Amino acid sequence: MSSSRTGRPPVQRAARRPVVPRPPRENPLRALVIRARRAWDRPLTAYYIILGGSLLITVLGLVMVYSASQITALQMSLPGSYFFRKQLLAAVIGAVLLLVASRMPVKLHRALAYPILAGAVFLMALVQVPGIGVAVNGNQNWLALGGSFQLQPSEFGKLALVLWGADLLARKQDKRLLTQWKHMLVPLVPAAFMLLGLIMLGGDMGTAIILTAILFGLLWLAGAPTRLFAGVLAVAALLGAILIGTSENRMARLACLGATEPQTGPVDCWQAVHGIYALASGGIFGSGLGASLEKWGELPEAHTDFIFAVTGEELGLAGTLSVLALFAALGYAGIRVAGRTEDPFVRYAAGGVTTWITAQAVINIGAVLGLLPIAGVPLPLFSYGGSALLPTMFAIGLLIAFAREDPAARMALAMRQPRFGRKRIRGSQRPRRWNTMRRRAPGARSSGER
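The following refers to the structure shown. For clarity, every value in this text was computed on a predicted model and none was experimentally measured.

Observations regarding the pairing of strand β2 (residues 139-146)
In the case of a regular strand, side chains alternate between the two sheet surfaces. In terms of strand pairing, strand β1 (residues 133-136) meets β2 through four bridges, oriented antiparallel. Across the sheet, Val134 pairs through a bridge with Trp142, a residue of β2. In textbook terms, the turn of a hairpin is the stretch between consecutive antiparallel strands, and for β1 and β2 this stretch comprises two residues, one of which, Asn137, has a positive phi near 55°. In this sheet, strand β3 (residues 149-151) lies alongside β2 in antiparallel orientation, the contact comprising three bridges. Following the sheet pairing, Leu143 is matched in β3 by Leu151. What sits between the antiparallel neighbours β2 and β3 is a turn of two residues, in which Gly147 has the positive phi angle 70°.

Observations concerning unusual backbone geometry
A cis amide bond links Val186 with the next residue in sequence, Pro187, at an omega value of 0°. Counting through the fold element by element, Pro187 comes out in the loop between α7 (181-185) and α8 (188-201). Even without being a glycine, Ser77 presents a positive backbone phi close to 60°. Among the secondary structure elements, Ser77 is positioned in the loop between α2 (45-75) and α3 (82-103). In this structure, Glu301 takes a positive phi of about 55° despite not being glycine. Along the polypeptide, Glu301 turns up in the loop between α12 (270-282) and α13 (307-339).

Cut-offs and rules
- The residue numbering used here restarts from 1 in each chain and proceeds along that chain's sequence as written.
- Restriction of local features to residues with pLDDT of at least 70 applies here, the model being predicted, together with a cutoff of 80 or more for giving and counting side-chain atom pairs; totals for whole chains, interfaces and linings are based on all residues.
- Values reported for side chains reflect all heavy atoms of the structure, with hydrogen atoms and water molecules removed beforehand.
- Any two strands are treated as partners once DSSP identifies two or more bridges connecting them.
- The way it works is that DSSP assigns letters per residue, a run of H or I at least four long becomes a helix, a run of E at least two long becomes a strand, and they are numbered from the N terminus.

Listed below in structure tokens is the structure:
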């Protein structure tokens, strides 16, 4: 063995390890999409979206109602917080209704369908009695409750049609009668036309459009053939054209589509044009909360039908896109609840509620943007109006109850133990499997008949 010049043994170098090629880095955008899909696929995702989204919309609506209604209240010699306090009271009552509806079993919801329908029909007929019904903005669709409180029964007619129509179609599906046209149409369509007739007696075209959308949503969920669906749609379009053509007010609203000046010939488009002005002056981040100029008497109905325009002026494009995102998430969660259930009543009721809220939001926002005629319908959960807020929050409670009734969601909720009162036992819980939402429960039971 050779030695070094210093007399020490040579140092042996370790053999070099083979270079292992690193795995290719995963695309961060693709990883984000995969994580988002896994989050959306969790059993309680729809539950949290419906609950959180509806509460965020309601709270933001309260803020905007307070901001948009101050000038109107002062012009009427009322305190600046007058409309806000009434809306807050309605929101508190609506929160109680939401909690009650979310905790009620599905069988009880079905049992309430006929009483709610009968009550809504009675109140809507009572509106037309002289001396009892109250006309607001040319529409006689209100009942005076004493003091400054009024009730619009047609708003409860939407909830009645959803519950009663879902129960009716579910019972007919259990008996395998929906394959026949007469059972699909009768008595659903005649009852819906009865409600539409009572609404149109008061001249409320906007609410009639929402009720028609709910009817079409129920027929589509029931699997109506294309010819049947097109026939009912053609009849509704013909009736709508006749009602619009025979009313100068409705023709004037139709003529304001795309208007850029407050006065275009004989038609006054003041409200539509100033709604566009409010949105245009907001910019990206808005002029600031409470700093709207259009609400100072320029924009009619700033805290009701055109509250979205004030939101765009004060919170800008960022605020309006946030509201749109919340409604889109709420609609997606409702579709998910309707599509992942085996109970026909839950499917029809969830689809009807989702159609109701989505259609009303599209019609309101479309009118503010100048894309649709002004229909006079409020933005759900957002605009001022207790008569519209109460049934809508009850309907949100329905969606929450249906989301909790999903087999995978029930399993996820059952696996959760309370933080207090009982200690967790290590190793006693099995790992959660979030992919159970992709499967339909083969043994899911129907919620039963009345």
